[in-house]
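Coordinates in review
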Amino acid sequence: MASDFDRAASDAASADRLLCRQIQTGDSEALAVLLRRYSRLVAAKASNVYCRSMEQDDLYQEGMIALIRAAVTFDAGRTTSFKTYALACVMNRFRDLIRQSGGQVQTLSIEEAPLPETESPEKQVIARDELERLRQLISRELSDKERAIILDHLAGLSYAQIAQKHGCEIKSVNNTLYRVRKKLKS
């Protein structure tokens, strides 16, 4: 028996598919609905990327353009949800911008990360506690090199770019990320 959450997710995915079909036929109202629906997701992703050659507003606009392209190119016949496809398109656009800027990228530190917007105060307290636990774990368990490498990885840099930035081998980056994952899971 499907849960309410499963039905809601399925309904949202169906609505996204319908909106994309309408957008592909030139329906500007459908595009407005889709942009409103995903603007917060794009804003959240853009807020976690810092590119020295671009302002945050410009990153957001680039993300919204990527969202529009995703809507126009989305194949509703595939099994992938629009949300998954759109998120990949937006993140790929951010990575392209990072590469074009010469890899001059910084991401927000875990201390600067905004709390996710939730519906209830109880969920906000839980999210705040979990974020604080993660901050303490990172500061206590990870070395400076591990912290720097994981932040570069989360910023979307490739293993080769991280290796070049830190003056080490790709294998060393891979090993460091493996250690970080292992430490954070324990």
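Overview of the structure. (Residues numbered from 1 in each chain as written. Predicted model: local features only at pLDDT ≥ 70, side-chain atom pairs only at ≥ 80, totals over all residues. Heavy atoms only, no water.)

Glancing now at the side chain of Thr176. Tracing the chain through its elements places Thr176 in helix α8 (residues 170–185). Dropping the residues within four chain positions of it, Thr176 is found in contact with Lys145, Glu146 and Ile149. (Helix = DSSP H or I, 4+ residues; strand = E, 2+ residues; numbered from the N terminus. Contact = heavy atoms within 4.5 Å.)

Here the focus is the packing of helix α3 (residues 56–73) against helix α4 (residues 82–100). Close contact between α3 and α4 brings their axes to 8 Å; oriented N to C, the two are set at 135°. One way to sum up the angle between α3 and α4 is to call them oblique. Both α3 and α4 take part in a crossing whose hand is right-handed. Across the interface between the two elements, Leu59, Glu62, Gly63, Ala66, Leu67, Ala70, Ala71 and Thr73 from α3 touch Phe82, Tyr85, Ala86, Cys89, Val90, Arg93, Phe94 and Leu97 from α4. Grouping the amino acids of the contact of α3 with α4 by side-chain chemistry returns 12 nonpolar, two polar and two charged. (Axes fitted to C-alpha atoms, helices over the stretch in contact; angles between N-to-C directions. Parallel < 35°, antiparallel > 145°, perpendicular 65-115°, else oblique. Left-handed = near helix turned anticlockwise from the far one by under 90°. Nonpolar A, V, L, I, M, F, W, Y, C, P; charged D, E, K, R; others polar.)

A general trend in soluble globular proteins is that nonpolar side chains are found buried together. Counting 36 residues, the largest nonpolar core has Leu34, Leu59, Leu67, Ala71, Phe82, Phe94 and Val173 as the members making the most contacts within it. Residues contacting Val173, with those up to four places away along its chain left out, are Ile149, Tyr159, Ile162, Ala163 and Cys168. (Core = buried A, V, L, I, M, F, W, Y, C linked by side-chain atoms within 4.5 Å. Buried < 20%, exposed > 50% of the residue type's maximum accessible area, 1.4 Å probe, protein only.)

The tally for this structure, following the rule as stated, stands at five salt bridges. Between Arg78 and Asp75 there is a salt bridge, and its shortest N-O distance comes to 3.6 Å. (Salt bridge = Lys/Arg side-chain N within 4 Å of Asp/Glu carboxyl O.)

With that settled, consider the packing of aromatic side chains. The final tally for this structure, using the stated rule, is three aromatic pairs. Centroid distance Phe74 to Tyr85: 5.6 Å. Interplanar angle 50°. Geometry classified as tilted. Of this pair, Phe74 sits in the loop between α3 and α4 while Tyr85 sits in helix α4; the two residues are 11 residues apart in sequence, bridging distant segments of the chain. Look at Phe74 and you get buried, because its relative accessible area is 5%. The class for Tyr85 is partly exposed, based on a relative accessible area of 27%. The structure contains a cluster of three or more aromatic residues connected by ring pairs, namely Tyr38, Phe74, Phe82 and Tyr85. (Phe/Tyr/Trp six-rings, centres within 6.5 Å; stacked < 30°, edge-to-face > 60°.)

Honestly, that's just the spatial picture; any functional story needs more than this.
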